[in-house]
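# Structure assessment
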Amino acid sequence: MNTLLVILGPTGVGKTELCLNIAEKLYTPIISADSRQLYKALPIGTAAPTAAQQQRVPHYFVGQLELSDYYSASQFEEDVIALLPWLYQDHATVLMAGGSMMYIDAVCNGIDELPTIDENLRKDLLRQYKEEGLEPIRNQLRLLDPDFYHQVDLKNYKRVIHAVEVCLMTGKPYSSLRTNSKKQREFNIIKIGLFRDRDELYKRINLRVDQMMEAGLLEEARNVYPFKGLNALNTVGYKELFSYFEGEYDLNSAIEKIKQNSRIYSRKQMTWFKRDPEITWFHPAEEAKICEHLRNIHHIGI
RNA sequence: GGUGCCAUAGCUCAGUUGGUAGAGCAACGGACUGAAAAUCCGUGUGUCCCUAGUUCGAUUCUUGGUGGCACCA
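Residues numbered from 1 in each chain as written. Chains lettered and ligands numbered in written order. Predicted model: local features only at pLDDT ≥ 70, side-chain atom pairs only at ≥ 80, totals over all residues. Heavy atoms only, no water.

Moving on, we get to the sheet that holds strand S5 (residues 188-194). Strand order in this open sheet of six strands is S3-S2-S4-S1-S5-S6, and the pairing throughout is parallel. Pairing within the sheet leaves two strands with one partner each, and these edge strands are strand S3 (59-60) and strand S6 (279-282). Pairing analysis gives six bridges linking strand S1 (residues 3-8) to S5, with the strands arranged parallel. Paired with Leu-4 across the two strands is Ile-189, which belongs to S5. Set on the sheet, helix H1 (residues 15-26) makes contact with S1, strand S2 (30-33), S3, strand S4 (93-98) and S5; between it and S1 the angle comes to about 160 degrees. Against the sheet, helix H4 (residues 101-109) makes contact with S1, S2, S4 and S5, and its axis sits at roughly 160 degrees relative to S1, the strand it touches most. (Pairing = 2+ DSSP bridges. Helix = DSSP H or I, 4+ residues; strand = E, 2+ residues; numbered from the N terminus. Contact = heavy atoms within 4.5 Å. Axes fitted to C-alpha atoms, helices over the stretch in contact; angles between N-to-C directions.)

For helix H5 (residues 119-132), spanning 14 residues, the distance from its first C-alpha to its last is 20 Å, which sits close to the expected 20 Å at 1.5 Å a residue. Structurally, the start of H5 carries an N-cap: the backbone nitrogen of Asn-120 is 3.1 Å from a side-chain oxygen of Asp-118. Once H5 ends, the next one or two residues include Gly-133, with phi positive near 85 degrees. (Expected span 1.5 Å × (residues − 1). Polar contact = N/O pair within 3.5 Å; in protein donor to acceptor, adjacent residues only side chain to side chain.)

A few words on the packing of helix H6 (residues 135-144) against helix H8 (residues 157-170). Where H6 contacts H8, the axes come no closer than 9 Å and their chain directions differ by 45 degrees. One element, H6, and the other, H8, form an angle in the oblique class. At the point where H6 passes H8, the crossing takes the left-handed sense. Residues Ile-137, Arg-138, Gln-140, Leu-141 and Leu-144 of H6 form the contact with H8, whose own contacting residues are Val-160, Ile-161, Ala-163, Val-164, Cys-167 and Leu-168. Its residues placed into classes, the contact of H6 with H8 shows nine nonpolar, one polar and one charged. (Parallel < 35°, antiparallel > 145°, perpendicular 65-115°, else oblique. Left-handed = near helix turned anticlockwise from the far one by under 90°. Nonpolar A, V, L, I, M, F, W, Y, C, P; charged D, E, K, R; others polar.)

On to the protein's contact with RNA strand B. Close to RNA strand B lie 47 residues, the nearest being Ser-35, Asp-153, Lys-158, Arg-267 and Arg-275. What you see for RNA strand B is that sugar and phosphate hold 61% of its atoms within 4 Å of the protein. Side-chain polar atom of Asp-34 to a base nitrogen of RNA strand B: 3.4 Å apart, as the coordinates give it. In this structure, a base nitrogen belonging to RNA strand B sits 3.0 Å away from a main-chain N or O atom of Asp-112. Grouping the constituent residues of the surface near RNA strand B by class yields 14 nonpolar, 15 polar and 18 charged. (Near = heavy atom within 4 Å.)

When the pLDDT values of chain A are averaged, the result is 95; 100% of them are 70 or greater. We note a pTM of 0.92 for the whole complex and an ipTM of 0.92 for its interfaces. (pLDDT = per-residue confidence, 0-100.)

Further remarks concern the pattern of salt bridges. Side chains carrying opposite charge are able to pair once their charged atoms draw close together. Here the structure, examined in full by the defined rule, presents 18 salt bridges. Notably, a salt bridge pairs Glu-77 with Lys-183, separated by 2.8 Å at the nearest N-O pair. One end of the pair, Glu-77, is in helix H3 (residues 73-88); the other, Lys-183, is in the loop between helix H9 (174-177) and S5, and 106 residues separate them in sequence. Glu-286 serves as the salt-bridge partner of Lys-289, at 3.3 Å between the closest nitrogen and oxygen. Lys-289 gets classed as partly exposed once you look at its relative accessible area, which sits at 47%. Classification of Glu-286 by relative accessible area gives partly exposed; the value is 24%. What emerges from the salt-bridge pattern is a single network uniting Lys-182, Lys-191, Asp-276 and Glu-278. (Salt bridge = Lys/Arg side-chain N within 4 Å of Asp/Glu carboxyl O. Buried < 20%, exposed > 50% of the residue type's maximum accessible area, 1.4 Å probe, protein only.)

By volume, the second largest pocket is sized at about 210 Å³. Surrounding the second largest pocket, 14 residues form its lining, Asp-105, Asn-109, Lys-191, Trp-272 and Asp-276 being those nearest its centre. The set of elements that each furnish at least two residues to the lining of the second largest pocket consists of H4 and helix H13 (251-274). Sort the elements by how many residues they give to the lining of the second largest pocket and H4 lands first, with four residues. Of the residues in the lining of the second largest pocket, the class split is seven nonpolar, one polar and six charged. (1 Å grid on protein atoms, 1.4 Å probe; cavity = no way out; pocket = protein on both sides within 12 Å on 5 of 7 lines; lining within 4 Å. Points joined across faces, edges and corners; volume = space filled by probe spheres on them.)

With the exception of glycine, the majority of residues adopt a negative phi angle, and the majority of peptide bonds are in the trans configuration. The backbone phi angle of Tyr-27 is positive, close to 55 degrees, even though this residue is not glycine. Inspection of the secondary structure puts Tyr-27 in the loop between H1 and S2. Positive phi, close to 55 degrees, is recorded for His-299, a residue that is not glycine. By the secondary structure assignment, His-299 is in the segment after helix H14 (287-298).

What follows deals with the side chain of His-91. Looking at where His-91 falls in the secondary structure, it is placed in the loop between H3 and S4. Of the polar contacts made by the side chain of His-91, one reaches the backbone oxygen of Tyr-27; its length is 2.7 Å. In this structure His-91 touches Asn-2, Tyr-27, Thr-28 and Pro-29, once residues within four positions along its chain are discounted.

The next thing to look at is the nonpolar core. Leu-4, Ile-31, Phe-76 and Met-96 are the most contacted members of the largest nonpolar core, which has 45 residues in total. Leave out the neighbours within four places in its chain, and Phe-76 touches Ile-31, Ser-32, Ala-33, Phe-61, Tyr-71, Met-96, Tyr-103 and Val-107. By size, the runner-up hydrophobic cluster in this structure holds 24 residues, among which are Val-13, Ala-97, Ile-192 and Leu-294. (Core = buried A, V, L, I, M, F, W, Y, C linked by side-chain atoms within 4.5 Å.)

In structure tokens form, the structure reads like this:
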């Protein structure tokens, strides 16, 4: 059976370099599991692999979308599952690397079958939310899907709205479409997690933000500023600089805010990853130990 | 040097007519099934600057310090 090796970890932990080395040893391309590196216009702020790094190892799902393109975890699942059989023709083991929790989950465990939401329906509900607040939409959900109404976080407008959308699209209660089950995949999955002590991680994150600024993040943000309403730009590193452009912060405060939000994001990632018992954890410097683990426990030829 | 004001959570500050205190931000913990770098939820013990007094009881009033700010010399 073929194998999907997943290397994951919080932002700034040092995934890129380690993954390049391991991919070279395995002669495998890298499937990037990163919801923002997908976008062509955001290479600096998302710390996307550089042209030179992509020369070393071919990457999928990096820099291939326009900011206005719709994408989702489910789309990612579909795309990766379609791509893997092709890659498995030449590679027994394929590496997927990234930090987007839900994207990784979608590939490893699958997401329930749900309709793609009609753009106008979402717009209508969002407008209603803005004008009248969440209360009427909540009430709608109580009628359409009382079960889910009692489970959902009623203050989380995205969850409430999405449930209503699905009910309206399908004519069925959203909760009836949630199977709560894991999809069986046609390949083995090995999960390696990368961690660092918090002090060490925070230092790296802070330093990396400074490096991004030196590399031209400000200009990158300015170039995409006209599209700031797009979901792709609701992203750490951009939204703070947009606030700076609008005079809400001075530049230094904006940079501090980027560091802070990156730290918070890294913690949210760890909160998610920590509860996954399938992950075996290593420090990014422990490349030899990781290879040994892959050889001895999983019988990967590396 | 003199006078006045201030000193409370990591930061900015509120408050206690004397019964040991609470907001915002930060920090930390958590949730997460087609927007996920999104979205949402939860957590507040801190020598109330120090000292001596008054008092059953002082962070609160009084004395004397220390530090900061402002004004006058």
